[in-house]
Amino acid sequence: MDWMASLDIDDEYEKLIIRMNPPRVLIDNKSCENATLVKVDSANKHGILLEVVQVLTDLDLTISKAYISSDGGWFMDVFHVTDKDGNKITNEKVIDYIQQSLGTNACLLPSLRRTVGVKAASKHTAIELTGTDRPGLLSEVFAVLTDLKCNVVGAEVWTHNMRVASVVYVTDDSTGAPVDNPERLSMIKVQLCNVLKGDNDKRVAKTVVSTGVTHTERRLHQMMFADRDYERVHNGLLESRDDKFRPLVTLQNCVEKGYSVINIKSKDRSKLLFDTVCTLTDMQYVVFHGTVDSDGPDAFQEYYIRHMDGCPVNSEAERQRIIHCLEAAIERRVSEGLRLELCSGDRTGFLSDVTRIFRENGLSVTRAEVSTRADKAVGVFYVTDAAGNPVHAKTIEAVRGEIGQTILQVKESYSKSPSEETGGRFSFGNILKSTSERFLYNLGLTKSLP
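This is a predicted model, so every value here is computed, not measured.

### What about the confidence of the model for the chain?
1) Next: Per-chain confidence: the chain averages 82 in pLDDT, with 78% of residues scoring 70 or above.
2) Next: In this model residues 107-121 is a low-confidence stretch, pLDDT under 50, and it forms 49 contacts with partners more than four residues away in sequence or in other chains.
3) Next: The low-confidence segment residues 414-450 (pLDDT under 50) makes 81 contacts with residues lying over four places distant or belonging to another chain.

Listed below in structure tokens is the structure:
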């Protein structure tokens, strides 16, 4: 009881600080020629950086540059953003949404009991699955749910390092309502666990059922982190690929400043900043200063961090763990394979039939995102053959012939490219010398290190 009373006091104190110093959100379309500047100025709290990045990312905005400072109990960030077509943000509805979402009365109001991205209620039941990846697994999962009279209304699947994590949203086939009967939920968990375990799986498979809704992508990161997918498996083919495509992550201590400094170079892609900030936040690290910059196909990130207890990284084991976890966070969303896009009228069991046809033709799904919208099933699948190699054109045409040529479209070959060696250390100090950063510094929206 004393602990809960202490939480209430701390929570009310943080709210008072926010009311006295309300967040300021400025959308600036004048200062930069090719991007909109989103400037956020607020009292600081743990997780605030992730909340801001999450709002921008969920709008499918591209963050090409970011300047982060949160020393002294104050949070001052500037993000250079564009829409998915590379244009400035001019849609008034989008601008209003950003300002409302990040403003005084929205998500920046602190609560020690609130988890970033958790919604209060849901129209469906969420099923979280983790286990060992294998060809045909997604098909088996969807088949079990169909047999149990569950309609899949959405799902996202990630695979990494021979592990799989998925969040599947289902409703009752007959009523369209969430599945909430305890006996039925228990049966769903048991049968899905049996599917995940397979015949010879020595690793733990896990199924969690909930009527709440979590921010799906953050939850997938958390699930894979808890499943320790960042631990490299001893597999010759995987290890050679990992060495070739792994992002370059370094971590050093800045003793005189009391920070640990993380530098990351990787291929640029959408949601990259969200993936790294999400991982650092969930590992209980605080970003005090940071810079993000995209340079052609490459992206550079630098973070000055401490653990929530105020200490920098203090052991080699901790250093290696952070490096491996950040590598995994960047790799999870990037799956090799052929991109297939699906659009069709929805019906119960449709996704089960589609993934069954994939399995029967020897296709392995490396990543997927599917949902139902206005009685239509839409989705994206990345597929390889069962050995992880590119799929033959004849196989794809056979699959499209069974599913429907207009229903399943081949879009692009999605393959990773090895990062080139860095030409020099990417440094917060060097970024301060750039024209753009000097401009932001003069505005008082970034500051030098103490």
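### Some thoughts on the pattern of salt bridges
When the charged atoms of two side chains with opposite charge come close together, those side chains can pair.
1) Next: One pass over the full model with this rule turns up 24 salt bridges.
2) Next: In this structure, E51 and K45 form a salt bridge, with 2.9 Å as the shortest nitrogen-oxygen distance. As far as burial versus exposure is concerned, E51 and K45 are alike and both buried.
3) Next: R134 is paired through a salt bridge with E140; the nearest N and O atoms lie 2.9 Å apart.
4) Next: One salt-bridge network, held together by shared partners, links E217, R269, K271, D275 and R333.

### Digging into the pairing of strand β6 (residues 150-160)
1) Next: Along β6, eleven of the eleven residues are buried, which leaves the element largely enclosed by surrounding structure.
2) Next: Taken together, the ten bridges between β6 and strand β7 (residues 163-172) define a ladder with antiparallel strand orientation. Note that in β7 the partner of W158 across the bridge is A165.
3) Next: Hairpin connection, β6 to β7: the antiparallel pair is bridged by two residues, and N161 has positive phi, about 55°.
4) Next: Direction of pairing for β6 relative to strand β14 (residues 363-373): antiparallel, over a ladder of five bridges. Residue G154 lies in a different strand from β14, and its bridge partner there is S371.

Rules and cut-offs
- Residues numbered from 1 in each chain as written.
- Predicted model: local features only at pLDDT ≥ 70, side-chain atom pairs only at ≥ 80, totals over all residues.
- Heavy atoms only, no water.
- pLDDT = per-residue confidence, 0-100.
- Contact = heavy atoms within 4.5 Å.
- Salt bridge = Lys/Arg side-chain N within 4 Å of Asp/Glu carboxyl O.
- Buried < 20%, exposed > 50% of the residue type's maximum accessible area, 1.4 Å probe, protein only.
- Helix = DSSP H or I, 4+ residues; strand = E, 2+ residues; numbered from the N terminus.
- Pairing = 2+ DSSP bridges.

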